[in-house]
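Here's the letter readout for the chains.
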Amino acid sequence: MNKEPQATRPKLRDYEPIIGISAIEELKILADKLSGKKVQNINSTYIGGGVAEILARMVPFLNELGVDTKWSVIKGDNEFFNITKKFHNALHGKKEEFTESEFEYFLEVNRRNSEELYFSGDVIFVHDPQPIALIQKRNEVGEKWIWRCHIDVSNPDEKVWNFIKDYVEKYDAAVFSAPNFAKMLKIGMFLIYPSIDPLSNKNKQLSEEQINAVLDKYGIDKKKPIILQVSRFDYLKDPVGVIKAFEMVRKTMPCQLILAGGTATDDPESDKVLTEVKEVAGKNPDIHILLLPPDRDIEINALQRAATVIVQKSIKEGFGLTVTEALWKGKPIVASAVGGILLQVKHKITGMLCHSIEGAAYAIRTLLTNPEHAQWLGKNGYDHVKQNFLITRHLKDYLLVFLSQYYKDELIYL
Amino acid sequence: MFDWFEKDWLSVFVPLIVFITFTVLAFWIRFKFSKYINSKLEQIKWAEKDILLSNLTIIVFYWILILGTYTAVEISPIKGSLYIFITRVLLTVFFVSLVYVFYGVITGILNFYSTKIKKPLFTSFQRLKTALTIIFIAIGILILFEIWKFPTTPFILFIILGSAIAVFAFRDNFSNLIAGFEIINSEIIKKGDYIKLETGEEGTVLNVTWRHTEIKGFEEKIILIPNSRFIKVKLEIFRKPPKKAKEPFRFYTRLNTKKLTGLKAKNLMELLKYIKEVPDSVIFYHTHDFIEEYHYLIPQPSNEFALWVGNILGYEALSEKLSTIDIFEFSSIGELRRRIADILEEYINNNPSDNNCREGEEFHFIKSVSVIMPTPYIAHDLREFVQILRFISPNSLFFHIYEAKLRVGKIANDFSLWLSESLAEERLVESITRIDPYMLTIEGVREKIISTVESYLETEGVGE
């Protein structure tokens, strides 16, 4: 199967029709206030993962706005990245065993990088835990050091968190993705929500032909209402619960269910979940289980745009960017009241929140029988994302955090 | 050689006599008849008589000579191809001169009137003359073709086709010219007027030409509006120039970032405790964040305390009470904080059982850090003020309306203060100050202020 064509890297002016000229002007005014300051982003990889994806967009945008921005990565061997992977899991609350030598090796790689890395920024923006100990250089380089935490550290393994915290608190500020993801720190803590790119393959506008082609490809009936959940096959996303809710809805109204997503390569349970989902679905022709490879962004986009109701019945959720993407398509959404979903879905305003399978079924039925109300929710959801969760807002927040490091007041006059 | 003359002397002599007679007649008409015509025209005092006389006097002389020559040739023995050639030459000379005279008279009259018309029309008169010249040449050529028996159909087709192409290519110019003529002659739009088109262009009229109208818009921008636009869209004309403000209004914008305080409440008691302790910026954030984040929603929920208490803790009555707090009536965050705390305290006293929320659903206290920056937009008068209001960002409106009063500590919103202090438009100030921004979306506030100022301008006709 051929890979989907990648959209060419957009310029800021390409976002003008979406967010308006005044928002672009404000970004320029803000960036102008940072002129003369150099920003250096440091993380652990150029390719793969959400952080690299964000930086690949942010760094060109900042430079386009006239803020001299660099992106550097630290070097590490397999042993180092195995340790950081365990750190990652432990910070997410998973029980991991660590030896003292592992902590020492982690610090040793950071120390080596701090000597080899060329530091050029006035603002050093360090992403995630892997390069966190570079802060040891703060007396020698940079004016302001900021740590960007992209993960949920609300319920971490205390041993790992305490180890990390010693370094975090040496920074000038830390940035978290949601209030729930943060831990109490002695330094300034900023809140920057994640974002989606409206011009990416996953979110750009599609023609009717493109949408229909995807529906035809997967044999989906265009006349029957579509209930869709996009997520990897994981117990935490409760795909079985979605099927049960769907069966309840189907008793009174004809509809079809699509469960679309991939399996996580680093999750051995993924295949098991998929097998279980297929068993529960049985031979029901109205349930479509689509195992999609990671590069099927346009297909995911098309399915979301074709859906009548989009569901995200997670048991636990991070920020939930799949919800953001669904809202961006102007679709009514039924989602569990967990994690970052609560920041995006305000019950009966931008979607419907649920706490159980029955609740999800009831909400879906309500939306299917009241298309005007569903449309109103969908429109609100779209506006909500446009206002709060687009990449341009993310860019503005970065600029504001950089600037605010140079001022102490809560009302900063520039 | 003389034999022929002796036999046919009459055939030569008679045409010669005829020609001489016509020549004498021509001289007589030139000197006597023109005087007679002149005296008659003097009586009717027609201003353009000189144009008519200068063109006709000499040409009538030549026409009589041509007629004399033609009559002489007709009665002479000249026949065959020579006869045809001579008559065609005579006809050619006659018609060319006829066209020339018409052209001379018409352009002469045009020249005469062009000295009396307004300057902008002068260029257009010159263009009209050029067009007439082309038309007369075309007519002349057609007559010549007819006389010399050349086929005229291709030429006529060429003219029709050329004219059609010209009309199509310059159709906008034609409509601009027609509209320009109407505007200039009837003085619909004058220099110094303030005009506003339905399509958004507005400004003070600097000049009106045959084709376009030049206006000075916002930020001294010169805009050229094709005249035809005025007959296609709705146009408003304000004769009086707007009153200049003592101090111009500089629009600022404000962008805010969210700072976590690390404080979180899981029940009403904790919520009350922190509401009493947290900085003003936190109270401001939780009572105004919804306006920004959901600025498209009508009606907007009022504050996040009310939402959390209702949606998460399930205290519907308390939520309703908190959401009905009218923020508009408070002049400081301190007063607002006391009101929220009083409501919570009263509820807790009457309902001692206090439930904890589920884990992960705590109320997080967030601080708003605002960066306030000047925009390039400055209003010197009410019209510029409205123009800028139309496109200024929601963030700027938020700063001048919500933040200026409650957070910066001014007695009213920035717009009301400027209207009062720099323009002394007290009736307008009263109307603007009365707008409750908490009952509208930010876009609703924008529309309300614009319509209020515009209707004030219409009814009061504010000008210098």
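Given the structure is predicted, the values throughout are model-derived calculations rather than measurements. (Residues numbered from 1 in each chain as written. Chains lettered and ligands numbered in written order. Predicted model: local features only at pLDDT ≥ 70, side-chain atom pairs only at ≥ 80, totals over all residues. Heavy atoms only, no water.)

### Observations concerning the overall build of chain B
Here is step 1 of the chain: Check the secondary structure of chain B and you find 17 helices and seven strands.
Here is step 2 of the chain: Taking 464 residues into account, the globule formula puts the C-alpha radius of gyration at 23 Å, and chain B, at 43 Å, lies well above it.
Here is step 3 of the chain: In terms of its C-alpha atoms, chain B occupies a principal-axis envelope of roughly 150 × 45 × 30 Å.
Here is step 4 of the chain: Counting every position in chain B, which comprises 464 residues, the buried fraction comes to 45%. (Helix = DSSP H or I, 4+ residues; strand = E, 2+ residues; numbered from the N terminus. Rg over C-alpha atoms; globule rule 2.2 N^0.38 Å. Buried < 20%, exposed > 50% of the residue type's maximum accessible area, 1.4 Å probe, protein only.)

### Some words on the overall build of chain A
Here is step 1 of the chain: Check the secondary structure of chain A and you find 15 helices and 13 strands.
Here is step 2 of the chain: For 414 residues, the compact-globule formula gives about 22 Å, and the C-alpha radius of gyration of chain A, at 22 Å, lands near that figure.
Here is step 3 of the chain: Projected onto the principal axes, the alpha-carbon positions of chain A cover approximately 70 × 50 × 40 Å.
Here is step 4 of the chain: Among the 414 residues that make up chain A, the fraction classed as buried is 58%.
Here is step 5 of the chain: A sequence separation of at least 24 residues applies to 71% of the contacts in chain A between residues at least 6 apart.
Here is step 6 of the chain: Charge-centre separation for chain A: the mean point of 54 positive side chains lies 3 Å from the mean point of 55 negative side chains. (Contact = heavy atoms within 4.5 Å. Lys, Arg positive; Asp, Glu negative; His and termini not counted. Charge placed at Lys NZ, Arg CZ, Asp CG, Glu CD.)

### Looking at the packing of aromatic side chains
Here is step 1 of the chain: Taken as a whole and judged by the stated rule, the model has 46 aromatic pairs over all chains.
Here is step 2 of the chain: Here B:Phe145 and B:Phe150 contribute two aromatic rings whose centre-to-centre distance is 5.8 Å and whose plane-to-plane angle is 90 degrees, an arrangement assigned as edge-to-face.
Here is step 3 of the chain: Above the plane of the ring of A:Phe98 lies A:Lys86, whose end atom (NZ or CZ) is 4.9 Å from the centre.
Here is step 4 of the chain: One Lys or Arg, B:Arg383, reaches over the ring of B:Tyr194 and ends 4.6 Å from the middle of that ring. (Phe/Tyr/Trp six-rings, centres within 6.5 Å; stacked < 30°, edge-to-face > 60°. Lys NZ or Arg CZ within 6 Å of the ring centre and 35° of its normal.)

### Quick word on the nonpolar core
Here is a general trend for soluble globular proteins: nonpolar side chains tend to be buried in one another's company.
Residues and elements named next belong to chain A.
Here is step 1 of the chain: By size, the foremost hydrophobic cluster in this structure holds 117 residues, and its most contacted members are Trp147, Ile164, Phe176 and Leu303.
Here is step 2 of the chain: Among the elements that line this core, the one with the most residues is helix H15 (residues 391-404), at eight residues.
Here is step 3 of the chain: Ignoring sequence-local partners within four residues, the contact set of Ile164 consists of Phe87, Leu91, Pro129, Ile132 and Trp147. (Core = buried A, V, L, I, M, F, W, Y, C linked by side-chain atoms within 4.5 Å.)

### Description of the domain arrangement of chain B
Residue and element names in this part refer to chain B.
Here is step 1 of the chain: Looking at chain B, the domain boundaries give domain 1 (2-169), domain 2 (188-239) and domain 3 (247-460).
Here is step 2 of the chain: The straight-line distance from the C-alpha centre of domain 2 to that of domain 3 is 39 Å.
Here is step 3 of the chain: Domain 2 puts seven residues into the contact, and the matching count from domain 3 is ten residues.
Here is step 4 of the chain: Between domain 2 and domain 3 the total buried area reaches about 800 Å² when both faces are included, carbon and sulfur atoms providing 51% of it.
Here is step 5 of the chain: There are two salt bridges connecting domain 2 and domain 3.
Here is step 6 of the chain: Between Lys196 and Glu454 there is a salt bridge, with the nearest N and O atoms lying 2.4 Å from each other.
Here is step 7 of the chain: Breaking the side of domain 2 that touches domain 3 down by element, the ones donating at least two residues are strand E1 (194-197) and strand E5 (235-238).
Here is step 8 of the chain: In terms of residue class, the side of domain 2 that touches domain 3 is built from three nonpolar, no polar and four charged. (Domains from an automatic or database assignment. Buried area = accessible area lost by both parts, 1.4 Å probe. Salt bridge = Lys/Arg side-chain N within 4 Å of Asp/Glu carboxyl O. Nonpolar A, V, L, I, M, F, W, Y, C, P; charged D, E, K, R; others polar.)

### So, the domain arrangement of chain A
Residue and element names in this part refer to chain A.
Here is step 1 of the chain: Domain annotation for chain A reports domain 1 (12-195 + 391-404) and domain 2 (208-388).
Here is step 2 of the chain: Taking only C-alpha atoms, the centre of domain 1 and the centre of domain 2 are 31 Å apart.
Here is step 3 of the chain: With eleven residues of domain 1 at the contact, the number on the domain 2 side is ten residues.
Here is step 4 of the chain: Tallied by class, the residues present in the side of domain 1 that touches domain 2 amount to six nonpolar, three polar and two charged.

### Comments concerning empty space enclosed by the protein
Here is step 1 of the chain: In this structure the tally under the stated criterion is four cavities of 30 Å³ or more.
Here is step 2 of the chain: Quantified by volume, the largest cavity comes out at close to 80 Å³.
Here is step 3 of the chain: B:Tyr194, B:Lys196, B:Glu202, B:Phe238, B:Arg383, B:Val386, B:Arg390, B:Glu454, B:Leu457 and B:Glu458 are the residues that line the largest cavity.
Here is step 4 of the chain: If you list the elements that add at least two residues to the lining of the largest cavity, you get E1, helix H13 (382-391) and helix H17 (442-460) of chain B.
Here is step 5 of the chain: Each of domain 2 (188-239) and domain 3 (247-460) of chain B gives at least three residues to the lining of the largest cavity.
Here is step 6 of the chain: The wall of the second largest cavity is formed by A:Ser22, A:Glu25, A:Glu26, A:Ile29, B:Thr253, B:Thr375, B:Tyr377, B:Ile392 and B:Ser393. (1 Å grid on protein atoms, 1.4 Å probe; cavity = no way out; pocket = protein on both sides within 12 Å on 5 of 7 lines; lining within 4 Å. Points joined across faces, edges and corners; volume = space filled by probe spheres on them.)

### Things to note about unusual backbone geometry
If a residue is not glycine, its phi is most likely negative; likewise, a peptide bond is most likely trans.
Here is step 1 of the chain: Positive phi outside glycine occurs at A:Lys348, with the angle close to 65 degrees.
Here is step 2 of the chain: Inspection of the secondary structure puts A:Lys348 in the loop between helix H12 (341-344) and strand E12 (352-354).
Here is step 3 of the chain: One non-glycine residue, B:Lys149, lies in positive phi territory at about 60 degrees.
Here is step 4 of the chain: Among the structural elements, B:Lys149 can be located in the loop between helix H4 (119-147) and helix H5 (153-169).
Here is step 5 of the chain: The exposed category is assigned to B:Lys149, whose relative accessible area is 59%.

### Overview of the interface of chain B and chain A
Here is step 1 of the chain: Each partner contributes to the interface: chain B provides 46 residues, whereas chain A provides 41 residues.
Here is step 2 of the chain: Between chain B and chain A, a total of about 3600 Å² is buried, with carbon and sulfur atoms accounting for 61% of that surface.
Here is step 3 of the chain: Across the contact surface, chain B and chain A share one salt bridge.
Here is step 4 of the chain: For B:Lys367, the salt bridge goes to A:Glu410, with nearest N and O atoms at 3.5 Å.
Here is step 5 of the chain: Where chain B touches chain A, the interface holds 16 residue pairs in polar contact (both at pLDDT 80 or more). (Polar contact = N/O pair within 3.5 Å; in protein donor to acceptor, adjacent residues only side chain to side chain.)

### Description of the packing of helix H4 (residues 78-91) of chain A against helix H6 (residues 158-168) of chain A
All names here are of chain A.
Here is step 1 of the chain: Their axes nearest at 9 Å, the elements H4 and H6 cross at an angle of 110 degrees. Between H4 and H6, the angle is such that the two are roughly perpendicular. Along its contact with H4, which presents Phe87, Ala90 and Leu91, the element H6 presents Val160, Trp161, Phe163 and Ile164. (Axes fitted to C-alpha atoms, helices over the stretch in contact; angles between N-to-C directions. Parallel < 35°, antiparallel > 145°, perpendicular 65-115°, else oblique.)

### Some words on the pairing of strand E6 (residues 244-265) of chain B
Here is step 1 of the chain: Judged from the three bridges that link them, strand E6 (residues 188-191) of chain A and E6(B) form a sheet pairing that is antiparallel. The partner of A:Phe190 across the bridge, within E6(B), is B:Lys259. (Pairing = 2+ DSSP bridges.)

### Notes on the sheet that holds E6(A)
Here is step 1 of the chain: Strand order in the open sheet formed by nine strands is E2(A)-E1(A)-E3(A)-E4(A)-E5(A)-E6(A)-E6(B)-E7(B)-E13(A), and the pairing between neighbours is mixed. If you trace the sheet from one side to the other, it starts and ends with strand E2 (68-73) and strand E13 (411-413) of chain A, each paired once. Across this sheet, the average inter-strand angle for adjacent strands is 30 degrees, counted without regard to direction.
Here is step 2 of the chain: Pairing of strand E1 (residues 38-43) of chain A with strand E3 (residues 123-127) of chain A involves four bridges; the strand directions are parallel. Within the sheet, the bridge partner assigned to A:Ile42 lies in E3(A) and is A:Val126.
Here is step 3 of the chain: Its contacts with the sheet place H15(A) against E1, E3, strand E4 (144-148), strand E5 (173-176), E6 and E13 of chain A together with E6 and strand E7 (363-381) of chain B, and it is angled at close to 90 degrees to E6(B).
Here is step 4 of the chain: Lying on the sheet, helix H14 (residues 394-406) of chain B is in contact with E13 of chain A together with E6 and E7 of chain B; it crosses E6(B) at an angle near 90 degrees.

### Points about the pairing of E2(A)
Residues and elements named next belong to chain A.
Here is step 1 of the chain: In terms of strand pairing, E1 meets E2 through six bridges, oriented parallel. Bridging across to E2, Asn41 finds its partner in Trp71.
Here is step 2 of the chain: Regarding the hand of the β-α-β motif, the stretch spanning E1, helix H3 (residues 50-64) and E2 is right-handed. (Right-handed = clockwise from strand over helix to strand, strands pointing away.)

### A few points about the pattern of salt bridges
Here is step 1 of the chain: The tally for this structure, following the rule as stated, stands at 43 salt bridges over all chains.
Here is step 2 of the chain: Note that A:Asp286 is salt-bridged to A:Arg250, the shortest N-O span being 3.0 Å. Remark: A:Arg250 occurs in helix H8 (residues 239-250) and A:Asp286 occurs in the loop between helix H9 (269-281) and strand E9 (287-291); sequence separation between them is 36 residues.
Here is step 3 of the chain: Residue A:Asp286 is classed as buried on the basis of its relative accessible area of 11%.
Here is step 4 of the chain: Of the charged contacts in the structure, one is a salt bridge between B:Glu345 and B:Lys276, with a shortest N-O distance of 2.6 Å. Here B:Lys276 lies in helix H8 (residues 268-277) and B:Glu345 lies in helix H12 (residues 333-350), a separation of 69 residues in the sequence.

### Here we look at H8(B)
Helical periodicity: at 3.6 residues per turn, an α-helix aligns residues three or four positions apart in one direction.
Here is step 1 of the chain: For H8(B), the complete set of buried residues consists of B:Leu268, B:Leu271, B:Leu272, B:Tyr274 and B:Ile275.
Here is step 2 of the chain: Where H8(B) is buried, its residues meet E6, helix H9 (280-293), helix H10 (304-311), helix H11 (316-323), H12 and E7 of chain B.

### A look at the environment of B:Pro394
Here is step 1 of the chain: Structurally, the position occupied by B:Pro394 is in helix H14.
Here is step 2 of the chain: Under the relative-accessibility criterion, B:Pro394 is labelled partly exposed at 23%.
Here is step 3 of the chain: C-alpha of B:Pro394 to C-alpha of B:Phe330: the two residues are 64 residues apart in sequence and 22 Å apart in space.
Here is step 4 of the chain: For B:Pro394, the contacting residues outside a window of four places in its chain are A:Ser22, B:Ile442, B:Glu443 and B:Arg446.

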